[in-house]
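Structural characterization, general
Each chain, written out:
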Amino acid sequence: MTMDTPKNKVNWHLFHYAAPSTFYPLAGKAIPWLMTLAVVLAAIGLWIGMAVAPSDAQQGDGYRIIYLHVPSSWMAMFIYIVMAFWSVIHLVWKTRLSALMAQALAPTGAWMALMSLVTGALWGKPMWGTWWVWDARLTSMLLLFFLYLGFIALTRSIDDPDRSDQAGSLLAIVGVFNVPVIYFSVYWWNTLHQGASVSSKGSSMAGVMLAAMLLMSLAAWMYSIAMTLRRVRVLILQREASTRWVQELNIL
Amino acid sequence: MYWNSWSEFIAMGGYGVYVWGSFIACSVAICMEGVLLAHARRQTMRQIARASMLANLARSQVAGLQVADQHKASQQEGAQ
């Protein structure tokens with residue numbers, strides 16, 4: 001490959017980090033920083049949310065579950081969108097790394113969806129008097145969890161990497177239409193779940209509570225990125241096991 | 001600081017079971033994700049180690065056979 005013309009140089013920069021052998025060490029360097037950031041943000045967020053913030057006028061101290069529930073719900077939805085994004089990139093440009101990114105995101109998304117469902121049930125029991133109702137918000141969130149599990153099962157059940165990547169990408173893109181359904185379900189249907197406290201129109205929450213929730217959300221972001229990078233490194237090693245650069249990594 | 005005592009903090013205004021239950025559930029989930037990922041990484045490392053060992057073995061055997069062939073050829077030359 002020649003790289004003398006400026007045009008080629010730009011392409012080279014764009015796709016340089018798309019090569020698994022270049023991306024692998026780069027991701028490895030970023031992980032400890034992201035994890036540290038996640039821990040620090042969560043520590044500050046939890047201090048403000050659990051120790052400084054007052055109790056809620058209606059929900060007493062039970063509302064404090066939102067510091068776990070809202071960030072995990074947001075991440076569960078957002079990770080699926082990112083997964084669909086990488087899937088589109090994979091189908092359009094056939095880049096190997098983008099399919100692996102989608103596959104690395106899925107388990108973290110599934111864990112986030114599960115955390116959202118469990119903390120939601122633990123909030124529902126004292127507030128609504130029931131662990132679970134089949135209403136639009138809860139059901140669409142459960143569907144998101146199953147979409148993650150389906151994606152993981154599908155990509156792992158197909159041995160041929162190319163076909164596995166392609167099938168996974170298609171499922172991720174088809175399933176992404178569930179995300180706006182989750183988000184807008186509280187407006188579209190008459191649900192038991194309360195409306196959004198934070199939206200583009202501003203926030204109905206007290207400043208301290210909002211600060212704690214946003215800090216926890218940022219922590220969830222950093223954690224998710226770190227875990228995804230850790231997982232994509234394992235996936236890269238599996239895919240490239242027979243290549244020279246992996247054999248020369250000296251990981252024994 | 002909102003709380004007056006530890007017991008007040010633990011009780012969470014009567015919601016303690018649900019609030020701390022949520023914290024335990026999320027901690028378990030995060031630990032499980034970490035453990036599963038570490039396990040997958042270790043397993044992958046072992047596979048790569050095995051693969052590279054086999055590749056080295058095959059390479060050395062091929063090299064060994066070549067040496068043997070050369071030796072045989074030189075012996076035959078010597079006999080003629």
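Here, every reference points to the structure presented above.
The notes below deal with the structure included here. Note that the structure is predicted; figures quoted are calculated from it, not measured.

Notes on a nonpolar patch on the surface
A cluster of nonpolar side chains, contributed by Tyr183, Phe184, Tyr187, Trp188 and Trp189 of chain A, occupies part of the molecular surface with about 560 Å² of accessible area. Here Tyr187 of chain A is to be found in helix α7 (residues 178-188).

Some details on the environment of Trp189 of chain A
Residues and elements named next belong to chain A. Its place among the elements puts Trp189 in the loop between α7 and β1 (198-199). Along the primary structure Trp189 and Asp135 are separated by 54 residues, whereas in three dimensions their C-alpha atoms are 8.7 Å apart. Once you skip the residues sitting within four places of it in the chain, Trp189 turns out to touch Ala136 and Val181.

Some thoughts on the interface of chain A and chain B
Taken residue by residue, the interface counts 40 residues in chain A and 31 residues in chain B. When chain A packs against chain B, close to 3100 Å² is buried across both sides, 74% of that on carbon and sulfur atoms. Contact with chain B buries surface across chain A, with Met50, Asp61 and Trp111 of chain A losing the most and accounting together for 19% of the total. Summed over the shared surface of chain A and chain B, the result is 1 salt bridge. For the salt bridge of Arg231 of chain A with Glu33 of chain B, the shortest nitrogen-to-oxygen distance reads 2.9 Å. Run the count over chain A and chain B and you get 8 residue pairs in polar contact (both at pLDDT 80 or more). Element by element, the count of residues in the side of chain A that touches chain B is highest for helix α4 (residues 96-128) of chain A, at 10 residues. Taken together, the residues of the side of chain A that touches chain B break down into 26 nonpolar, 8 polar and 6 charged.

Cut-offs and rules
- Residues numbered from 1 in each chain as written.
- Chains lettered and ligands numbered in written order.
- Predicted model: local features only at pLDDT ≥ 70, side-chain atom pairs only at ≥ 80, totals over all residues.
- Heavy atoms only, no water.
- Patch = residues over 30% accessible without salt bridge, like charges linked within 9 Å, V, L, I, M, F, W, Y side chains within 5 Å.
- Areas by Shrake-Rupley, 256 points an atom, 1.4 Å probe, with all protein chains shown as cover.
- Salt bridge = Lys/Arg side-chain N within 4 Å of Asp/Glu carboxyl O.
- Helix = DSSP H or I, 4+ residues; strand = E, 2+ residues; numbered from the N terminus.
- Contact = heavy atoms within 4.5 Å.
- Buried area = accessible area lost by both parts, 1.4 Å probe.
- Polar contact = N/O pair within 3.5 Å; in protein donor to acceptor, adjacent residues only side chain to side chain.
- Nonpolar A, V, L, I, M, F, W, Y, C, P; charged D, E, K, R; others polar.

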